[in-house]
Each structure stands twice: as structure tokens, then as C-alpha cells.
Amino acid sequence: MLYIGIDLGTSAVKLLLMDGDGGIKNVVSKEYPLDFPHPGWSEQQPEDWYRQAIAGLKELTAEADRSKIGGISFGGQMHGLVVLDQEDRVIRPAILWNDGRTGEETEYLNQTIGKDKLSEYTANIAFAGFTAPKLLWMRKHEPEKFAQIAKIMLPKDYLAYRFSGRFCTDVSDASGMLLLDVRNRCWSKEMLEICSVREEMLPEIHESYEVTGVLKPEIAAELGLEKEVKIIAGAGDNAAAAVGTATVGEGKCNLSLGTSGTIFITSRDFGVDPGNALHSFAHADGGYHLMGCMLSAASCNKWWNEEILKTKDFSAEQAGIMGLGENHVFFLPYLMGERSPHNDPDARAMFFGMSMDTTREDMTQAVLEGVAFALRDSLEVAKDLGIGIKRTKICGGGAKSPLWKRIIANVLNLKVDVIEQEEGPALGAAILAAVGCGEYASVEEAAQAIVRVVDTIEPEPELVQKYEEKYQQFRKLYPAVKGMEWI
């Protein structure tokens, strides 16, 4: 059998075709626009996702035996707000995960409703990117549109709805809405009341590996698929990426260096960070996980190279970097504000420590190190909870850089395992499709059979010590500039 994983990302949809043994037969990517209508806002048109996904599916399966395609599943950008009216028309552009407009609503939830109450209801506190604050923003600023809402869904679930007609979501993606009772894997009645939402406006909840429907006949015909194709619930992008790196079961870790950056720690049992710096979410394997998320990771390197240096040759910019652990330049990677552990949508990026002898390479190195230091911030929270992590998998576009992986290993003092096929959420989604179709008995069994480690970057004791000193300097910078008024 063949299985399709669809990763609905922020800049493109990535589609992957996999056989039952985990062999990747084809990968296709289709881009779409990202709109910033006001400073700090981030939106997309859901129709663009659908149009490019259909185009991608046609290209992905053009040379395949389409009669063997058994299922389609999804990984997707989390937290986005997609709203439909009674006629299933999209009411407004989707408000994305990295949108920072909901500062007042986030403050209301955390301070007026209270962090303790939010944690009791959902296992998490409010962050500007979460879905619930976006609903409150709509209720206040777009009341006419808010009154039209019949269905509330997440980005990947919009695709699944268009494909199957089934209004569903999965527990991992729903965990990031601040509407889900994560411990009990059901909608929080208290949060629905706070947000003026009726339960029928929210999708049916499934485990990530469960079948939710079948591909609509008219879409199957358009794609040249004669056999019934199952639709499997899928997962939020970070949970899907974790499946794609076999970060499942108990006590595993994955680092993602995508547009955003995450540290993802699995557990079979429910648990909460008392300080709420780390998210407590349901995992795609049926368990739970803690996650620290920074809003700008590989996007920092992309911004630095493409917007400032005016180059797309990232490797060439890194080639001259030699003195690891000796850089005097620091970079705060808060281009879109920050989530974990600061929860500050007004945080901003900055370089610090430059002098007349600062070089282009120093600046580039500072960007790579700044992202690593910010990931270390979340790792320190996990350590304070008594979680002992010694090694991690790694994925995302930034993981293609050998230099960056070496920096990560030494800043975090972790063994970094590199997997054979680093395809992130798309591979994880295909694995979920295989489980949903019965190819494997569980997500854990499938991931362990398919994912192979091919290299490990070991921390270097001398470099670990140098980076320990640099990290202690880095962690002083954000408190020093927090609260400054930026023009």
C-alpha cells in the first residue's frame, strides 16, 4: 500500500508519498502567499492551501500506482483560526500561529480569568498565537463576522474537511487552541463559555491515527483515484514531526529547527509545567508531551541571509565560521515576539556586543547561536522539572546545516541524533496514515520500524564549557531590555 502525508506549513504545503515499509517514493512542495496586513499580523487564505494541496497531490501521484493509495493524513501549522459560516464559506482570512495582534486578549485571559484557572481548564496559559485569544479578538473587533461563525477549525483540519466533508480534529492540534481539556481529551466547557463558543461550532475530536472519513468521490475522480482512500485525523506539525523522528513513547526528545523552533519531550502520562513556560499537550501517539516553542528559529537565519545579506547561499555564509564558543556578538532571536519561556509578543530581536572588529561571520554565527541559546532556555525549564534528557533527534530546515547541528549539540550539551529521512511533519503524517489503515498496530511500532538514526553529533567537553559561559551571558540580555518602548 501507499500512504500520503500532507504537511500544511506556513510558506508551503509539502506532500510525501510513502510505501508500507517507510520508503519515500516522492515529495512535492507547493508555495502560497503569507500576508502581513498590519505590523504584527499574519494571515493566509485557506483557499490557497486547498488549491495548492490538490495541485501537489496530482503531481505527487503522477507516476505512482494510484490503485495502491490507501490513506491520507496531515501535519499542519498549529493554532491558526479558520472560521466558516452556515454555507461553509470562509468568513475571513485565517489568523496564523505567528500573529501577534491578541496582546490585550492574552492579557485578559492570563490576568483577569487567571493563569491558575486556565491551567486547570486546559493545562496551559494563554499565548498570543493560540486560537482562543483570536476568537476573543474577533468578538471585539469584528463582531458582525464573529456572529456568522458556524464552524471553527485549525488549518490542516480545513483541508481534511474539504477532502472528506467530515468536521474533525485531533487531540494534538486541538491542544494548542486553549479550548481543550488536555488531560481528559475533550472540549473545556469553561473555555467555551469564556469565548462565547457553542460546542457544535467545534470539530469532533479524534486520536491522530484514527480514520475520520474517506476522500470525496468527486475529488478522488479529479485525482484519478478509483479505490476508496481513507482520511486519517493527523496531528499538529510538531507532534507529526515527532512521529517522523520516532519521538514517541516515554522520555524521548526532538528539536525542530523550522520557521519556529521547538523542543518536544514525550511522556506516556499527563503532566504540567507549574510555571507554564512549557506547553502541556496531547501527543499523536496516544500519550502526552511538554513543548517549548520559540516563534523564530530557522526564519531568523533566512531573514538574516535573504533580507539583510541579500543572499540565498546559506552554506557559503557559514563556511568562514571557525571560532565556536568565542564569539563576542549575541543575537536575541525574537523577530516575531517570543513564546517559550518568556510569553512576550512585544519582545524584539537585537544584536549586542558588536565592535569595530566585528565581522560578517560573527553576525551570522550570532544568529545561529542565538536560536540555540533560546532553545536552551526551554531545556532549562525541563531540567528544573526533574526531566533528564541526554539526547535528542533533530528535524526542520535548519537541521540541514552541519554547523548549526554542532552548535546545538554543544549549547544544549545533548547528543544529537540525525535520522536517515528527515522529512518532518510530512513523514509523520504518512506514518499516521499507515497506522490508520492497519499497516501497523500502533504509532510507536510504525515509527520504530520506519525511522533510522544514521549519525550522532556528540557534545565536545571543551566547547560545552565555552558555550556554558556564553549562555550565562545570553540569558541576562532579555531581562535587561524587557519593557523598553520600541518605536
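Residues numbered from 1 in each chain as written. Predicted model: local features only at pLDDT ≥ 70, side-chain atom pairs only at ≥ 80, totals over all residues. Heavy atoms only, no water.

## Remarks on the overall build of the chain
For step 1, the next point in the chain: Along its length, the chain carries 17 helices and 24 strands.
For step 2, the next point in the chain: On C-alpha atoms alone, the chain measures out to a radius of gyration of 21 Å, which is about the 23 Å that the 2.2 N^0.38 rule sets for 487 residues.
For step 3, the next point in the chain: Taking the principal axes of its C-alpha atoms as reference, the chain extends roughly 65 × 50 × 45 Å.
For step 4, the next point in the chain: For the chain, the residues scored as buried account for 62% of the 487 residues in total.
For step 5, the next point in the chain: The contacts in the chain between residues at least 6 apart in sequence include a share of 72% that link residues at least 24 apart.
For step 6, the next point in the chain: A total accessible area of about 18,900 Å² is found for the chain, and carbon and sulfur atoms account for 48% of it.
For step 7, the next point in the chain: Each charge class in the chain was averaged separately, 50 positive and 71 negative side chains, and the resulting centres sit 1 Å apart. (Helix = DSSP H or I, 4+ residues; strand = E, 2+ residues; numbered from the N terminus. Rg over C-alpha atoms; globule rule 2.2 N^0.38 Å. Buried < 20%, exposed > 50% of the residue type's maximum accessible area, 1.4 Å probe, protein only. Contact = heavy atoms within 4.5 Å. Areas by Shrake-Rupley, 256 points an atom, 1.4 Å probe, with all protein chains shown as cover. Lys, Arg positive; Asp, Glu negative; His and termini not counted. Charge placed at Lys NZ, Arg CZ, Asp CG, Glu CD.)

## Brief notes about the nonpolar core
For step 1, the next point in the chain: If you look at the biggest cluster of nonpolar residues, it comprises 70 residues, and the most contacted ones within it are M18, I149, I152, L179 and M191.
For step 2, the next point in the chain: No other element matches the eight residues that helix α14 (residues 424–436) contributes to this core.
For step 3, the next point in the chain: Residues within four places of I149 in sequence aside, it is in contact with V83, L84, I91, L135, M138 and M201.
For step 4, the next point in the chain: Core analysis: the second largest hydrophobic core is formed by 57 residues, A297, I321, A366 and A409 among them. (Core = buried A, V, L, I, M, F, W, Y, C linked by side-chain atoms within 4.5 Å.)

## Topic: the side chain of D237
For step 1, the next point in the chain: Examined against the element boundaries, D237 turns out to sit in helix α9 (residues 237–244).
For step 2, the next point in the chain: A distance of 3.2 Å separates polar atoms of two side chains, one belonging to D237 and the other to N238.
For step 3, the next point in the chain: Among residues more than four places away in sequence, those in contact with D237 are G76, Q77, M78 and P425. (Polar contact = N/O pair within 3.5 Å; in protein donor to acceptor, adjacent residues only side chain to side chain.)

## Details of the packing of aromatic side chains
For step 1, the next point in the chain: Tallied over the entire structure, the rule returns 18 aromatic pairs.
For step 2, the next point in the chain: Seen from their ring centres, W303 and F331 are 6.2 Å apart, and the 20° between their planes marks the pair as stacked. A residue pair is termed long-range when its members are at least 10 positions apart, and W303 in helix α10 (residues 298–308) and F331 in strand β20 (residues 330–332) qualify at 28 residues.
For step 3, the next point in the chain: Among the aromatic side chains, those forming a connected cluster through ring pairs are F330, F373, Y467, Y471 and F474.
For step 4, the next point in the chain: A cation sits over an aromatic face here: K151 above F167, 5.9 Å from the ring centre. (Phe/Tyr/Trp six-rings, centres within 6.5 Å; stacked < 30°, edge-to-face > 60°. Lys NZ or Arg CZ within 6 Å of the ring centre and 35° of its normal.)

## Side note on α9
For step 1, the next point in the chain: When you tally the buried positions in α9, you get eight out of eight residues, the bulk of the element.
For step 2, the next point in the chain: By the burial criterion, the buried members of α9 are D237, N238, A239, A240, A241, A242, V243 and G244.
For step 3, the next point in the chain: Two residues or fewer past α9, A246 is found with a positive phi of approximately 60°.

## Structural notes on the packing of α9 against α14
For step 1, the next point in the chain: As a packed pair, α9 and α14 sit with axes 6 Å apart at the nearest point and diverge in direction by 75°. In terms of orientation, α9 lies roughly perpendicular with respect to α14. Here D237, A240, A241, V243 and G244 of α9 lie close against α14, whose contacting residues are G424, P425, L427, G428, A429 and I431.
For step 2, the next point in the chain: The residue inventory of the contact of α9 with α14, partitioned by class, reads seven nonpolar, three polar and one charged. (Axes fitted to C-alpha atoms, helices over the stretch in contact; angles between N-to-C directions. Parallel < 35°, antiparallel > 145°, perpendicular 65-115°, else oblique. Nonpolar A, V, L, I, M, F, W, Y, C, P; charged D, E, K, R; others polar.)

## So, the pattern of salt bridges
When their charged atoms lie close together, side chains carrying opposite charge are able to pair.
For step 1, the next point in the chain: Evaluation of the coordinates by the stated rule reveals 31 salt bridges.
For step 2, the next point in the chain: In this structure, the salt-bridge partner of R198 is E200, at a minimum N-O distance of 3.0 Å.
For step 3, the next point in the chain: Residue class for R198 comes out partly exposed when judged on its relative accessible area of 45%.
For step 4, the next point in the chain: For E200, a relative accessible area of 56% translates into the label exposed.
For step 5, the next point in the chain: D417 serves as the salt-bridge partner of R391, at 2.8 Å between the closest nitrogen and oxygen. (Salt bridge = Lys/Arg side-chain N within 4 Å of Asp/Glu carboxyl O.)

## Brief notes about the sheet that holds strand β18 (residues 279–282)
For step 1, the next point in the chain: Ordered by their spatial adjacency, seven strands build an open sheet running β18-β19-β17-β16-β22-β23-β24, and the pairing between neighbours is mixed. Edge positions in the sheet fall to β18 and β24 (453–457), since each has one partner strand and no second. Going from strand to strand, the sheet's axes swing by 30° on average, the running direction of each strand aside.
For step 2, the next point in the chain: Pairing geometry for strand β22 (residues 391–395) and strand β23 (residues 415–419), over three bridges, is parallel. In the sheet register, T392 faces β23, and the bridge partner there is V416.
For step 3, the next point in the chain: On top of the sheet, helix α12 (residues 360–384) reaches β16 (253–257), β17 (261–267) and β19 (288–294); it is set at about 25° to β17, its chief contact. (Pairing = 2+ DSSP bridges.)

Just distances and angles here, no functional claims.
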